[in-house]
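Single-letter residue listing:
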Amino acid sequence: MNRFSRRQLVQFVVCIALTLLLAVRFAEPSSAQARTETSGALASQQAIIAATKQIDPECDRFGRCLVNAKMVFASLDVERLTSSLDQPNNYTISGWFSLNWLPAAYPGWQPSNLALGCRSSGCRFSGWRDNFTEEISGRRFWTARFELEAQEADSFFAYPFDQHWVKVLIQSTTPSTDEFIHYIDLNSFSVELAPSLMQGRNSNFKVNYATLGQQANFFLRNASNKAVEAGAAPQQQRDSKSSQNASTDPSEASGKPVESDLIFPVSNDEYISTSISFHLVRRTPAALLMIATPMLLILFNTIMAFHWRENSPASRFGSSGLLTTVSLFFASRVFRPDVDQLVFSDVWFIVVFIVITINNVILVWLFRFYKHRSELKRVGTTIPPAWKTENRLSLISGSAVIGVIAALFLISLTMLRPPAIPIAFLAGNSNHDDVGASVVKVIERHELLPSEYLINMPPGSQRQD
């Protein structure tokens, strides 16, 4: 019995030893793989630090080697910013976009992984053209031309004194680009406008100021493939051949309905977007003089109609002025945005219609009253001279017109007042959720002009006479 117990004990010990030996044998490759991955990451990190030290030898002293290595510098130069009155919600922005980064920090990364977008789905990006690449001191400089058609949901009631916001988003096309966008240095982000644009040759807007921001955008990932795999696993165990021809519907594969959280689960996935927002003020088109000048002349002629005499052409100025204003209204449709809402220039015509109508009513009364002045004088009624009444009515009507013009002028000044910056244009969010938005800086109008176009006069260089 003791001999049998010793044999069992020996067998038990041998089994444990073999089990431990096999466990160590299978664990060696995984640990070796982990050591290989760790050494590879360290080697890559050391290569990045070495490349950074070539540019900043003192980076170790301040512990900024990795941060400086990943830092990306960018600039946006806008050459043209226009919008057509036929499609007033569409804005065309074209210019140059430039990047400066360390290739060792982003191996294999290409500028084609970036794209420009806008807040709406009706956005057209032409892609990068005429690109130029150069490496200086270990860093890569890349610049390319772009054209973007952005669409905004704007209101044009204040036309021609309307103001608008246009947002340009720097977005990633691959998941690996998110880190690159995250490290774009917004404090040094340069936004410049071409002098021709500032002077109105390449734009029908004035850029009041620009804002820079960055936001982490969360989204839901469609995990239908995961649900399909989860539902098809039992089927694959029963029949591998039938599983290959199985339906892609997870409810058919598992035999039970699939819950919505398997199709659209709550995900922590996010992507970083950097935004540049422009505040635009429309340049008052000179074509509006073709509207305002005839309107003032028509009002002046209707006031002249008060100084009527029988069989005088002045008695017909009122009716002809109204017909002329209606014709001018339809002809001026080419000078207003193609929208189905009332704009401020339409209010001008409404005011002119009302003033001409009132003048016509007064003119009819004036004509009828003084037509029978002979009969009134015979019965002893005292009637003031016609020229006094005519002058009095002209003064009242002219003062009313001047008052209306002054009121419209004050309203237009109010419309031109720069508004507060809405949250939606401070960063990359396209909805009312401002979580994750960060405002970096606001660039004033005088800061948007490229500095290289200015002549810096050193102190003491003034001409001495």
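Keep in mind that this is a model prediction, so the values were computed, not measured.

A word on the pattern of salt bridges
By the definition in use, this model includes 8 salt bridges. The partner of Asp346 in a salt bridge is Arg336, with the nearest N and O atoms 2.8 Å apart. Of this pair, Asp346 sits in helix H12 (residues 344-371) while Arg336 sits in the loop between helix H11 (317-331) and H12; the two residues are 10 residues apart in sequence, bridging distant segments of the chain. As far as the burial class goes, Asp346 and Arg336 line up, both buried. In the salt-bridge network here, residues are joined through shared partners; they are Glu79, Asp130 and Arg145.

What about the side chain of Gln163?
Following the sequence through the fold, Gln163 ends up in strand S7 (residues 163-172). Residue class for Gln163 comes out buried when judged on its relative accessible area of 18%. Within the local environment of Gln163, its side chain forms a polar contact with the backbone oxygen of Leu416, the two atoms lying 3.2 Å apart. There is a polar contact of 3.3 Å between the side chain of Gln163 and the backbone oxygen of Arg417. Once residues lying within four places of it in the same chain are set aside, the contact partners of Gln163 are His279, Leu280, Val281, Met415, Leu416, Arg417, Pro418 and Pro419.

Thoughts on the pairing of strand S5 (residues 129-136)
Alignment of S5 against strand S6 (residues 139-151), held across 6 bridges, turns out to be antiparallel. If you follow Phe132 over to S6, its bridge partner there is Thr143.

Regarding the nonpolar core
Core analysis: the largest hydrophobic core is formed by 51 residues, its most contacted members being Phe97, Leu99, Leu114, Phe189 and Phe278. Excluding residues that lie within four positions of it along the chain, Phe189 makes contacts with Ala74, Ser75, Leu76, Phe97, Ile170, Ile184, Leu212, Ile276 and Lys441. Grouped together as the second largest cluster of nonpolar side chains are 18 residues, Leu328, Phe329, Phe349 and Leu408 included.

Focus on the confidence of the model for the chain
When the pLDDT values of the chain are averaged, the result is 74; 61% of them are 70 or greater. Of all helices and strands in the chain, the one with the weakest mean pLDDT is helix H6 (residues 224-238) (43), whereas strand S2 (residues 87-101) scores best (94). This stretch, residues 220-253, has a pLDDT under 50; its non-local contacts, to residues over four places away or in other chains, come to 34 contacts. Residue range residues 428-435 is modelled with pLDDT below 50. Its contacts to residues more than four positions away, or to other chains, number 17 contacts.

Here's the deal with helix H14 (residues 386-415)
Over its 30 residues, H14 extends 44 Å from the first C-alpha to the last, a length consistent with the 44 Å expected when each residue adds 1.5 Å. Three or more residues of H14 are buried, namely Thr389, Glu390, Leu393, Ser394, Ser397, Gly398, Val401, Leu408, Ser412 and Met415.

Considering the packing of aromatic side chains
One pass over the structure, following the stated rule, counts 16 aromatic pairs. Plain terms: the ring middles of Phe97 and Trp128 are 5.6 Å apart, the flat faces sit at 20° to each other, and that makes the pair stacked. Highlighted residues: Phe97 in strand S2 and Trp128 in the loop between strand S4 (124-125) and S5, separated in sequence by 31 residues. You can call Phe97 buried: its relative accessible area is 1%. Taking 6.3 Å as the distance between ring centres and 70° as the angle between the ring planes, the aromatic pair formed by Phe329 and Phe353 counts as edge-to-face. Remark: Phe353 occurs in helix H12 and Phe329 occurs in helix H11; sequence separation between them is 24 residues. With a relative accessible area of 18%, Phe329 lands in the buried category. Clustering of aromatic rings is evident, with ring pairs tying together Phe97, Phe125, Trp128, Trp142 and Phe146.

Scoring rules and cut-offs
- Along each chain, residue indices are assigned from 1 in the same order as the chain's sequence is written.
- Only residues with pLDDT of at least 70 get local features here, since the model is predicted, and only at 80 or more are side-chain atom pairs given and counted; chain-wide, interface and lining totals rely on the full set of residues.
- Heavy atoms throughout the structure, all of them, feed into the side-chain values; hydrogens and water do not.
- By convention in these notes, a salt bridge is any Lys or Arg side-chain nitrogen within 4 Å of a carboxyl oxygen on Asp or Glu.
- Helix numbers and strand numbers start at the N terminus; a helix is a DSSP run of H or I with at least 4 residues, a strand a run of E with at least 2.
- For every residue, the accessible area obtained with a 1.4 Å probe (protein chains only) is divided by the maximum for its type, and the residue is called buried under 20%, exposed over 50%, and partly exposed between those limits.
- Polar contact is the term for a pair of N or O atoms within 3.5 Å; when the atoms are in protein, one must be able to donate a hydrogen and the other to accept it, and sequence-neighboring residues count only if both atoms are side-chain atoms.
- Every residue pair with non-hydrogen atoms within 4.5 Å of one another is taken to be in contact.
- Should DSSP find at least two bridges between two strands, the strands are taken to pair.
- Side-chain atoms within 4.5 Å are what join buried Ala, Val, Leu, Ile, Met, Phe, Trp, Tyr and Cys residues into a set we call a nonpolar core.
- In predicted models, pLDDT denotes the confidence assigned by the predictor to each residue on a 0 to 100 scale.
- A helix is expected to span 1.5 Å multiplied by its residue count minus one.
- Working definition: rings of Phe, Tyr and Trp (its six-membered ring) pair if their centres are within 6.5 Å, and the pair is stacked with planes under 30 degrees apart, edge-to-face with planes over 60 apart, and tilted otherwise.

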